[in-house]
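Coordinates in review
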Amino acid sequence: MSIQAAVNSLPLEGGRICVLAGTYAETVRIERADVTIEGCGAQARLRTPTTGAGLAVVHVLAARVTIRDLGLATNGQIGVLAGQPDLDAEVVASDLVLDRLVIDADEREVVNGQARAGIDIRNGRRVVIRDCEITLHGSVSDDSAMFVRGTDLRVEGCHIETERTTDSFAAWGGIQVGGGTTQVEIRRNRIVGGVGHGVTLGSLEWIARTTTTTRTQTFGAGTGLQNTQDPCAPVQEEVRPVEVENVRFDPETAGDLSDITIVDNTIELMNGNGVSTLTTLPLADDGEQDLITVDRVAIERNRITNCVVQSRSLAANAPVQKTKKLQPGQQDVFGQFLVSTIPPAGIALVDGEHITIRDNDIYDNGTTDPAPICGVCVVFGNDILIEGNRIQNNGRRQPASIPSMSTMRAGIAVSLAGVASNQEQQNVADPIGSSLRVIGNIVEHPNGPALAARATGPLTVEDNYLLSLGNNATAQLAGTAHAVSLVDVGLPWEGIDLPEGEPSPDRWTFPPRTPEYLRREPGGTQ
């Protein structure tokens with residue numbers, strides 16, 4: 001009896017199927033609830049059939065399904081697909097458990113036969129993926145090894161590896177958290193190898209518009225960034241439209257993320273960043289741009305090493321700078337903090353509030369190229385805590401090997417803190433609370449400043465060890481700090497909730513126009 005026949009023979013209330021040792025060349029579709037499928041480890045193995053292969057080897061379209069102790073060998077198929085690929089599909093895969101699966105994903109020698117994700121969760125709810133092994137073999141592929149999207153998801157204790165093709169990686173790899181996801185925990189995983197990031201935050205939807213119809217499609221993480229038809233082609237510097245069957249698709253963000261926990265993982269040998277927002281999107285005609293926002297994110301106790309191969313790593317299109325009218329003479333100061341691309345970094349976030357980056361080991365990344373990288377970079381954010389991290393030897397020390405460099409290629413780099421992610425302009429700042437706290441970090445940076453930050457609100461830097469070994473630029477800008485560069489344009493604490501008549505010249509001595517300065521709106525020009 002086949003596994004599918006066993007599933008079909010279960011009563012309506014579900015049941016348990018025991019898969020004996022052997023190889024089963026079939027696809028399995030589970031459309032009834034309360035089903036458990038158990039094997040005996042890799043000895044019980046499902047593989048892609050030679051004919052009639054569908055989108056996935058196992059497709060789950062029901063609630064309360066458990067699959068454990070099985071091996072899957074896929075060729076051009078997703079290993080386990082839960083839910084429908086459509087972005088607006090209703091939740092059908094809830095209370096799903098995937099436990100101790102061993103998945104080998106490879107390509108198939110047909111058109112569009114690239115290796116696909118080992119596990120793909122689409123709009124799931126209450127999903128646990130535990131102690132699984134996924135190997136994405138050496139096919140050129142824009143898929144991540146694991147994709148998760150939905151609410152209340154946990155990925156724990158998994159080993160996720162992307163193999164090389166000869167001397168380099170060709171598949172995106174890693175774990176991708178799709179747009180619109182909330183309440184996700186990624187804990188105790190080992191993530192090794194790939195063109196992309198170790199943990200990719202965010203995803204895109206692709207829109208084809210004609211005069212009469214609008215069509216929405218989802219593709220892999222690397223779509224629009226890497227050319228899957230040419231493994232030697234460099235990764236694009238920005239997300240570009242793609243053409244499928246003579247139809248043009250343009251990218252849009254698939255939604256923001258919130259309540260993300262990334263803890264106790266080992267991430268190594270990624271061509272891209274360790275943990276990173278996927279990308280930013282091309283500028284619209286009116287100059288606006290979508291940013292993938294990640295709110296309430298905790299990135300703690302991870303080890304990120306030997307990532308960021310700059311000759312092959314991806315760079316993203318520049319975020320639109322949230323502009324503020326500057327006083328005469330301020331342009332040069334603020335120019336140090338402009339970010340033209342999402343920088344290569346151990347950890348890189350574009351936009352968000354309530355960000356905690358704590359107790360991570362980030363070292364030996366970007367050592368193959370003299371161009372500078374960051375240990376930690378946040379482009380826009382509010383209520384940011386960077387605490388207790390060890391950030392060492394990220395970048396290659398090779399003096400006078402590049403013409404110039406940005407201050408924002410620092411061990412810790414924050415382009416602008418103190419701006420809520422739902423505000424369009426930096427002059428709508430949050431003067432209450434703390435925009436940025438940098439506490440108790442060890443930073444030894446071989447190429448660039450140890451710390452560079454700009455803020456519009458309260459800024460705390462204390463108990464850090466901050467060392468810069470200089471930088472590799474032949475041209476050194478005058479007036480540029482080489483170890484620590486901080487600019488805070490927000491109101492001081494004394495300017496918050498001042499009583500009427502304060503500060504009084506009868507009780508205080510202060511420079512001219514101080515009362516006007518303290519009473520101005522954040523971002524004002526007085």
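Residues numbered from 1 in each chain as written. Predicted model: local features only at pLDDT ≥ 70, side-chain atom pairs only at ≥ 80, totals over all residues. Heavy atoms only, no water.

**Topic: the pattern of salt bridges**
Inspection of every chain in the model, using the stated rule, returns 23 salt bridges. Between Glu 300 and Arg 358 there is a salt bridge whose closest N-O contact spans 3.3 Å. Here Glu 300 is found in strand S27 (residues 294–300), whereas its partner Arg 358 is found in strand S29 (residues 345–358), with 58 residues between them in sequence. For Glu 300, a relative accessible area of 15% puts it in the buried group. Among the ionic pairs, Arg 358 bridges to Glu 387, the shortest N-O distance being 3.2 Å. Remark: Glu 387 occurs in strand S31 (residues 374–387) and Arg 358 occurs in strand S29; sequence separation between them is 29 residues. Assessed through its relative accessible area of 25%, Arg 358 is described here as partly exposed. (Salt bridge = Lys/Arg side-chain N within 4 Å of Asp/Glu carboxyl O. Helix = DSSP H or I, 4+ residues; strand = E, 2+ residues; numbered from the N terminus. Buried < 20%, exposed > 50% of the residue type's maximum accessible area, 1.4 Å probe, protein only.)

**Overview of the nonpolar core**
Ranked by size, the top nonpolar core spans 92 residues in total, and within it Val 58, Ile 129, Met 146 and Leu 201 carry the most contacts. Contacts of Ile 129, omitting those with residues within four sequence positions, involve Leu 98, Ile 119, Ile 121, Met 146, Val 148, Arg 154, Val 155, Glu 156 and Cys 158. Counting residues in hydrophobic clusters, the runner-up holds 15 residues, among them Ala 348, Ala 413, Leu 416 and Ala 452. (Core = buried A, V, L, I, M, F, W, Y, C linked by side-chain atoms within 4.5 Å. Contact = heavy atoms within 4.5 Å.)

**Observations concerning the packing of aromatic side chains**
Going through the model one piece at a time under the given rule, you end up with 0 aromatic pairs. In this arrangement the basic side chain of Arg 122 is found over the ring face of Phe 147, its NZ or CZ atom lying 4.3 Å from the centre. (Phe/Tyr/Trp six-rings, centres within 6.5 Å; stacked < 30°, edge-to-face > 60°. Lys NZ or Arg CZ within 6 Å of the ring centre and 35° of its normal.)

**What to know about unusual backbone geometry**
The residue Arg 64 is not glycine, and still its phi comes out positive at about 55°. For Arg 64, a relative accessible area of 42% puts it in the partly exposed group. Phi at Asp 359 is positive, roughly 60°, even though this residue is not glycine. Tracing the chain through its elements places Asp 359 in the loop between S29 and strand S30 (361–363). Take Asp 359: its relative accessible area is 38%, and that puts it in the partly exposed class.

**Here's the deal with the state of the cysteines**
The final tally for this structure, using the stated rule, is 0 disulfides. Of all cysteine sulfurs, the one in Cys 18 lies closest to Cys 40, which takes part in no disulfide; the gap is 7.1 Å. Given a relative accessible area of 36%, Cys 40 falls into the partly exposed group. Not engaged in a disulfide, the cysteine Cys 377 finds its nearest cysteine sulfur in Cys 374; these two sulfurs lie 4.6 Å apart. Among the residues examined, Cys 377 registers a relative accessible area of 1% and is labelled buried. (Disulfide = S-S within 2.5 Å.)

**Here we look at the pairing of strand S11 (residues 133–136)**
Regular strands place side chains that alternate from one sheet face to the opposite one. Pairing geometry for strand S9 (residues 102–106) and S11, over 4 bridges, is parallel. For Val 102, the partnering residue across the bridge sits in S11 and is Glu 133. Where S11 lies against strand S13 (residues 159–162), 4 bridges are found, and the strand directions are parallel. Within S13, the residue paired with Leu 136 across the bridge is Thr 162. (Pairing = 2+ DSSP bridges.)

**Points about a nonpolar patch on the surface**
A surface patch of nonpolar side chains, about 190 Å² in accessible area, is lined by Val 461, Val 484 and Leu 486. Looking at where Val 484 falls in the secondary structure, it is placed in strand S39 (residues 484–488). When its relative accessible area of 33% is taken as the criterion, Val 484 is described as partly exposed. (Patch = residues over 30% accessible without salt bridge, like charges linked within 9 Å, V, L, I, M, F, W, Y side chains within 5 Å. Areas by Shrake-Rupley, 256 points an atom, 1.4 Å probe, with all protein chains shown as cover.)

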